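Next come the chains, spelled out residue by residue.
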Amino acid sequence: MTEQAKIYVAGHRGMVGGAIVRALLARGHDASRILTRRHAELDLVDQRAVTDFFAAEKPDQVYLAAAKVGGIHANNTYPAEFIYDNLMIQSNVIQAAHAQGVQKLLFLGSSCIYPRLAPQPMAEGALLTGKLEPTNEPYAIAKIAGIKLCESYCRQYGRDYRSVMPTNLYGPGDNYHPENSHVIPALIRRFHEARLKAAPGVAIWGTGTPKREFLYVDDMAAASVHVMDLDPTVYAQQTEPMQAHINVGAGSDVTIAELAYAIAKVVGYVGDISFDPSKPDGAPRKWMDSSRINGLGWQAAVTLEQGLALAYADFQRSEEEEARV
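Residues numbered from 1 in each chain as written. Predicted model: local features only at pLDDT ≥ 70, side-chain atom pairs only at ≥ 80, totals over all residues. Heavy atoms only, no water.

Topic: helix α7 (residues 217-229)
Its 13 residues give α7 an end-to-end C-alpha distance of 18 Å, which sits within 8% of 18 Å, the value for a rise of 1.5 Å per residue. In terms of burial, α7 is largely enclosed, as ten of its 13 residues are buried. Among the residues of α7, those classed as buried are V217, D219, M220, A221, A222, A223, S224, V225, V227 and M228. (Helix = DSSP H or I, 4+ residues; strand = E, 2+ residues; numbered from the N terminus. Expected span 1.5 Å × (residues − 1). Buried < 20%, exposed > 50% of the residue type's maximum accessible area, 1.4 Å probe, protein only.)

Here we look at the sheet that holds strand β2 (residues 34-35)
Spatial ordering of the open sheet is given by β2-β1-β3-β4-β5-β10, a layout of six strands whose pairing is parallel. Each having just a single partner strand, β2 and β10 (245-248) make up the two edges of the open sheet. Across four bridges, the pairing between strand β5 (residues 160-166) and β10 is parallel. Bridging from a neighbouring strand, P166 pairs with V248 of β10. Across the sheet, helix α4 (residues 79-99) is in contact with β3 (61-64), β4 (104-108) and β5; its angle to β3 comes to roughly 175°. Lying over the sheet, helix α5 (residues 137-157) contacts β4, β5 and β10, oriented at roughly 155° with respect to β5. (Pairing = 2+ DSSP bridges. Contact = heavy atoms within 4.5 Å. Axes fitted to C-alpha atoms, helices over the stretch in contact; angles between N-to-C directions.)

A look at the pattern of salt bridges
Applying the stated criterion to the full structure yields 14 salt bridges. Measuring nitrogen to oxygen at the nearest pair gives 2.8 Å for the salt bridge that ties E57 to R37. Here E57 is found in helix α2 (residues 47-57), whereas its partner R37 is found in the loop between β2 and α2, with 20 residues between them in sequence. Notably, a salt bridge pairs R48 with D52, separated by 3.5 Å at the nearest N-O pair. Here the residue R48 and the residue D52 both occupy positions in helix α2, the gap between them amounting to four residues, near one helical turn. Look at R48 and you get exposed, because its relative accessible area is 56%. On the basis of relative accessible area, D52 is assigned to the partly exposed category, the value being 40%. Taken together, the salt bridges that share partners define one network made up of K6, R37 and E57. (Salt bridge = Lys/Arg side-chain N within 4 Å of Asp/Glu carboxyl O.)

Put into structure tokens, the structure is as follows:
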């Protein structure tokens, strides 16, 4: 990457896309050369609109961070939207990039691409070796298709389209919706509201025993830029034509119960915490094997304790902004 490259960040209003923009600016990239569009300006599900955008702007590189995302509740409630919207977004962007001669593209996937009972930690080779977690299978299928799109354009057309698979992400710009958010922002909101109301207890979905790995979003952005900038020969040496994705994780995981107590501590909630086993747990464990990207010179820098404090500060800022509106 040069500071004068024209880079399109798809999904810049989302948590990951926003962090990628911050990472590019921090590395001295010219802000005027970073292309962004809000959903109201460019609907990535609309093939013609995406084709016209690429024809007009002709970016040099693309970070494909746009996606329809959500937690267990959202995935269970809107499975058709999760598979359709994500298939269309990534297909439209990748094809339009290719049609306009974009040589470098980075696709952001998800750890849910791996089988529900994949050996832990989950290595890149676990892809397509077993059944997926039912609660988010439509989303996972779409993300797997995105990986294979990138691999196929590389094999057939010689493009340099790469894929990174992040573990569970959190941090500035997260979605704190009470029903459609992921576990960390959902628990931040619940414990914050419980503290304000002096609620005697908070009940958490599931048994609390599943283990999850969490990565601060600015670490993910740094990893994305790192992978995008790797020399093609180095990248090819560390991947395979039919298995070209790279995991990005923090290196350790915690139980949902441990996470809940950690968030309660950061928020300052001192009431009781209980767990509701009648609600779904999801996969028993999701821990990424990040040895490949670690061997390529990247390591996570933000600890979970540090990241939760930063995430709670971001939530408080967002609440203050909403109150002013």
